[in-house]
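# Notes for the structure review
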Amino acid sequence: MKQTRQQPRSKVVPFTGEFYPEASEPTPSAVPNIAASLVIIAAALVAGLSMGAISTYQSASQVQLRQMKAQSQQLEQVKNQVCR
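The structure reproduced in this document is the subject of the present report. (Residues numbered from 1 in each chain as written. Predicted model: local features only at pLDDT ≥ 70, side-chain atom pairs only at ≥ 80, totals over all residues. Heavy atoms only, no water.)

### Concerning the overall build of the chain
If you tally the helices and strands in the chain, you get two helices and two strands. Counting from the amino terminus, helix and strand elements in the chain follow one another as β-β-α-α. Considering the chain as a whole, with its 84 residues, one finds that 0% of them fall into the buried category. Accessible surface for the chain amounts to roughly 8500 Å². Of this, 61% is attributable to carbon and sulfur atoms. (Helix = DSSP H or I, 4+ residues; strand = E, 2+ residues; numbered from the N terminus. Buried < 20%, exposed > 50% of the residue type's maximum accessible area, 1.4 Å probe, protein only. Areas by Shrake-Rupley, 256 points an atom, 1.4 Å probe, with all protein chains shown as cover.)

### Comments concerning the environment of Arg66
Among the secondary structure elements, Arg66 is positioned in helix α2 (residues 60-82). Residue class for Arg66 comes out partly exposed when judged on its relative accessible area of 30%.

### Details of a nonpolar patch on the surface
A cluster of nonpolar side chains, contributed by Ile34, Leu38 and Ile41, occupies part of the molecular surface with about 320 Å² of accessible area. Position of Leu38 among the secondary structure elements: in helix α1 (residues 30-57). In this structure Leu38 comes out as exposed when scored by relative accessible area, which is 54%. (Patch = residues over 30% accessible without salt bridge, like charges linked within 9 Å, V, L, I, M, F, W, Y side chains within 5 Å. Salt bridge = Lys/Arg side-chain N within 4 Å of Asp/Glu carboxyl O.)

As structure tokens, then:
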């Protein structure tokens, strides 16, 4: 069997008719793919954490706790004004 080699491609420059070799595309390395994957994973992690924090902050028990703290502070202020 004969093994065929790829012939180098060439392009023709318009208007002059000159030939020049076509640049071969470099093979992409795996490092940018890994870096892009890590960035996407980190972004997904941050998004998940922020969604969890928002849902915890807006949960019924947390809202009730904040209301109770505010009422407690108001009660302290009234108590200080009355007991002077």
